[in-house]
Amino acid sequence: MTSAPRPRRRAVLQAAMAGSLVGALAACSEEDTAQQGATTDGDGAGATGSEEGAGDGAQETDQDDPTATAEGPATVVATAVVDQLPVFAEPDDMDAVGEAREPEMVLDRTERVTGQLVLLALQTGRVWTQVQLPVRPNGSTGWVRSNEVSLSGHSFRIDVDLAGHEIVVTDAGAEVTRTPVGVGRADRPTPGGDYFVTELLQPPEPDGIYGPYAYGLSGYSDVVMDFRGGEGVIGIHGTNEPDLIGTDVSSGCIRMANEEIVRLVEQVGLPLGTPVTIRA
């Protein structure tokens, strides 16, 4: 297993595609149109529900016994090596002659703004890998074929305290960053739960509402369901309103000071697949 590649500035999407950014982080702008009272449904088909401690490291499994475990790295990241990645509800979704049944869903990495499809591995084995998925409902999980993903490991994690308006980034337990943040307002709250970083975007206007960089997360707003072709993805990004940091101000995203997110990207090199725990 190799270390998870850390994003380099030259590898970051140079977003001459403002529309794509808005679609990727549709829960962030104050101009978003929320659909109050809407519910999530079958977007997470094949999900087994929310996984506690999703960022505590993947468990090694045997193909004949998915419950067998062995100690692994702090976090294991599964990156798709195929354009179309089938996701199954169970690791033994095979018929009598060993042919795979129809998948519950197919994730398309070519539809990702950055062209990368990164998942958080929960259990790994020779044949099947269990992953947390970047789909509704939040915390959905499924199984993918191990030969269709590459695995890497790292020890970063992010913890967000909504009530305290604070984000803490650690590496192997050592604090890297602790800084105030702006979070979702009462009518569009930032959803609590366990997520992971799915992509790193560079907005076309570094002084705009998203700041110089934006991390997309695997989670979705509970109230913003559709906006300009996006699905209400939450993210962590900079801001052009630094005076509002420390308050409930956004439509669900987490706003950091621009200099802090620049440091995370350009100096720390926070990797994709970093687990994110958001606490109310």
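Residues numbered from 1 in each chain as written. Predicted model: local features only at pLDDT ≥ 70, side-chain atom pairs only at ≥ 80, totals over all residues. Heavy atoms only, no water.

We now examine the overall build of the protein chain. Of the regular secondary structure elements, the protein chain holds two helices and 20 strands. In the protein chain, of all internal contacts separated by at least 6 residues, the share reaching a separation of at least 24 is 69%. In the structure as shown, the protein chain presents an accessible area of about 12100 Å², 46% of it carried by carbon and sulfur atoms. (Helix = DSSP H or I, 4+ residues; strand = E, 2+ residues; numbered from the N terminus. Contact = heavy atoms within 4.5 Å. Areas by Shrake-Rupley, 256 points an atom, 1.4 Å probe, with all protein chains shown as cover.)

Moving on to the pairing of strand 15 (residues 193–202). Counting buried residues in strand 15 gives nine out of ten residues, a clear majority hidden from the surface. One ladder, built from four bridges, connects strand 15 with strand 20 (residues 275–279); its direction is antiparallel. Considered in strand 20, the bridge of Gly 193 is made with Ile 278. (Buried < 20%, exposed > 50% of the residue type's maximum accessible area, 1.4 Å probe, protein only. Pairing = 2+ DSSP bridges.)

If you look at the biggest cluster of nonpolar residues, it comprises 28 residues, and the most contacted ones within it are Ile 158, Val 160, Tyr 215, Ile 236, Val 276 and Ile 278. Tallying contributions element by element places helix 2 (residues 258–268) first for this core, with four residues. When neighbours within four sequence positions are excluded, Ile 158 is seen to be in contact with Ile 167, Val 168, Val 169, Val 197, Ile 236, Leu 270, Thr 274, Pro 275, Val 276 and Thr 277. (Core = buried A, V, L, I, M, F, W, Y, C linked by side-chain atoms within 4.5 Å.)

Once that is clear, we can look at the confidence of the model for the protein chain. Per-residue pLDDT for the protein chain averages 82, and the proportion of residues at 70 or more is 71%. Scored below 50 in pLDDT, residues 8–19 makes 19 contacts in the model with residues more than four places away or belonging to other chains. Predicted confidence is poor over residues 31–55, with pLDDT under 50, and the contacts of this stretch with residues over four places away or in other chains come to 63 contacts. (pLDDT = per-residue confidence, 0-100.)

A word on the pairing of strand 8 (residues 128–132). Of all five residues making up strand 8, five are buried, and the element is well covered by its neighbours. Residue alternation in strand 8 divides its side chains into two sets, Trp 128, Gln 130 and Gln 132 and Thr 129 and Val 131, and both sets are buried. Of the pairings in the sheet, the one linking strand 7 (residues 118–124) to strand 8 comprises four bridges and is antiparallel in character. Residue pairing for strand 8: Leu 120 is matched across the bridge by Gln 132. Hairpin connection between strand 7 and strand 8: a loop of three residues separates the two successive antiparallel strands.

Moving on to the pattern of salt bridges. This model, assessed by the stated rule, comprises eight salt bridges. In this structure, Asp 83 engages Arg 109 in a salt bridge whose closest nitrogen and oxygen atoms are separated by 2.7 Å. Placement of Asp 83 in the loop between strand 4 (75–80) and strand 5 (84–87) and of Arg 109 in the loop between strand 6 (105–108) and strand 7 is noted, with a sequence separation of 26 residues between them. The class for Asp 83 is partly exposed, based on a relative accessible area of 37%. A salt bridge links Arg 145 to Glu 148, with the nearest nitrogen and oxygen atoms 3.6 Å apart. Relative accessible area serves as the criterion here: at 24%, Arg 145 is assigned to the partly exposed category. Shared partners join several salt bridges into a network, and the residues in it are Glu 166, Glu 175 and Arg 178. (Salt bridge = Lys/Arg side-chain N within 4 Å of Asp/Glu carboxyl O.)

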